[in-house]
Amino acid sequence: MRRQKLPKPGVHMVTFRLFLITALFPSTVFAAGFFRPGVGAGPLSMGGTGIASADPTYAAWYNPARLGFAQKGFFVSVDGTALQERTQFRRSSVGLLKPPRDQDNPSFYENKILQNTEFSDEFLQAKNCFGQVRAANTPEEDWSPCLPGTRPIPYIALGYGSGKGWSLAFSAFGPHGMSRDWDKFGPQRYTVVYADVQMQFYQLAAAYRQKDWSVGLGMQNIRLTVDQTFTVSADVLGTEDPGYDAWADVNVADNFIPAATLGFWRALPFGLEVGGSLMLPLLAKPCAEGSSERCHVVAEGTVAVDFAEEAATLVTEVDGDRGVLTLNFPRLAGLGFTKRFGDRGFINLDFFYEAWAQDVGDVIFRPQELVIRTSLPGSEEIPFEDVVFPKKWSDSVGVRIGGEYAMKTDLGTTRLRAGFLYEQAANAPEAMDISALDWDKMGFSVGASHPVTPNIDVDIGYLLIPQTEISITNSSLQSVNIFDAERDPESPNVGQPTGQQLTTVGNGDYKLSHQRIMASIRARFGG
């Protein structure tokens, strides 16, 4: 159906589709800030190292070649991590208007924004409710309690060592991910106000070992779920009038994202060992029905829309509630070295590389028969089109160092552990928002292991990413305003906002801290 270009201000109905589609982009899903420090109380207490030294119970995650060190018989590991995260944001009123808007009576618009949005010297803090579902416009005083804000992350592994060189194992990890719940009416509201992003991993691994070398292969499936709520504005003046707020609640999932992990291990002279791993996505699915484009992730789901009182008067009906989010995975490579000191312990040094810039590319939301209807003169049924979100990823590297010291006592050998990690961000600071807090980070960890019986060991550990703060003054993140666009009705593309009603929403101060408490039981039997 041919769409007509409406005279201003009637353009708001044509551009309303920008609101829904742009609101769907889950910017948190695949940034290095998703932060995968590792699994297991033992490896995590050594800074997340283990490429050349991981116990067979964790080999599927770090390096499947290490599975070759399984003793004859069965082994099992049950591991639990309590994840706690503290995220804070203080929005700045600096740079509210960008060109061309800052050239047209900027003081009027800035004063109106300051009247409508309460900027404060106090930091807002996200709650971590981990899956607690609420309506997007529920006032804060009606929120259900969500303490203590801790996400449990289980890991389980079961395997078998043949005693003849080959070993097999199955492992499951997750859900792993973050949950952040912000004030629905706070000054930060024109980004994400709720996000719960989860990944679950299921892996089968096999390894073959000889005296001085081992190789391994892990075949895994990843399940991704994204539940997010975004706020946008229908204020025709672009002054952040809360009466014209609108919310989009997005739920998408991809239950089949296969990947493979290749690994090797080699003994070197002087007590040195080296290991390497490479994780590759396996299946590139059609990004859309009948499309020649291929994507690793095709997350299907729904979007539900809600409006504040004044915004509700602009729309008569939104028909359809389906959409697909498509993106690609990066390749992940690791190289690790271990120096052993007899039975006294060892030191690990691991390096990681994530190919974001080369592999990931754009993120695209593909609506499925989503249509908006309005009774305003001159408007028609307006189909929602594909929207491309060009991303400026940069490759990410990380360095981790950790070690173990064996202390013999009358009660057995207690193994003391400690570690350090450094992770580089994959996204530019100016692109940061409260749903994707990602900058360079450092962490410290400690832990211990002690045998309960000759075949059962207990591990404990603690990992801390100390609170760090970053200030952004050049944010490229702007609000989404459904009035702000013009496009040629003959063009197949959605087009770009004009900038006449947009405000900068990403400038300000961000704080983040992260800690994990880990415990595990490892057992061997049937040897």
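The text that follows walks through the structure, step by step, so that each part is easy to find.

What counts and how
Residues numbered from 1 in each chain as written. Predicted model: local features only at pLDDT ≥ 70, side-chain atom pairs only at ≥ 80, totals over all residues. Heavy atoms only, no water. Helix = DSSP H or I, 4+ residues; strand = E, 2+ residues; numbered from the N terminus. Buried < 20%, exposed > 50% of the residue type's maximum accessible area, 1.4 Å probe, protein only. Contact = heavy atoms within 4.5 Å. Areas by Shrake-Rupley, 256 points an atom, 1.4 Å probe, with all protein chains shown as cover. Polar contact = N/O pair within 3.5 Å; in protein donor to acceptor, adjacent residues only side chain to side chain. Salt bridge = Lys/Arg side-chain N within 4 Å of Asp/Glu carboxyl O. Pairing = 2+ DSSP bridges.

A few words on the overall build of the protein chain. Looking only at helices and strands, one finds 6 helices and 25 strands in the protein chain. Every one of the 527 residues in the protein chain was classed for burial, and the buried ones make up 54%. For the protein chain, the share of sequence-separated contacts (at least 6 apart) that also reach a separation of at least 24 residues comes to 75%. Surface exposure of the protein chain reaches about 22300 Å², of which carbon and sulfur atoms provide 57%.

With respect to the element layout, arginine 400 can be found in strand β21 (residues 396–409). Within polar-contact distance, the side chain of arginine 400 engages the side chain of glutamate 423 at 2.8 Å.

As a further point, take the pattern of salt bridges. With the rule as written, the count across this model stands at 17 salt bridges. A salt bridge links aspartate 245 to arginine 189, with the shortest nitrogen-to-oxygen separation between them at 2.9 Å. Separated by 56 residues along the polypeptide, aspartate 245 in strand β8 (residues 245–267) and arginine 189 in the loop between β5 (179–181) and β6 (192–209) bring together distant segments of the chain. By relative accessible area, which is 2% here, arginine 189 ends up buried.

This next bit is on the pairing of strand β25 (residues 508–525). As paired elements, strand β1 (residues 73–91) and β25 share 18 bridges and run antiparallel to each other. Paired with threonine 81 across the bridge in β25 is methionine 518.

When you line up the elements, glycine 159 lands in strand β3 (residues 150–161). With 89 residues separating them along the chain, glycine 159 and alanine 70 place their C-alpha atoms 8.3 Å apart. In contact with glycine 159, other than residues within four places in its own chain, are Gly73, Phe74, Phe75, Leu168 and Ala169.

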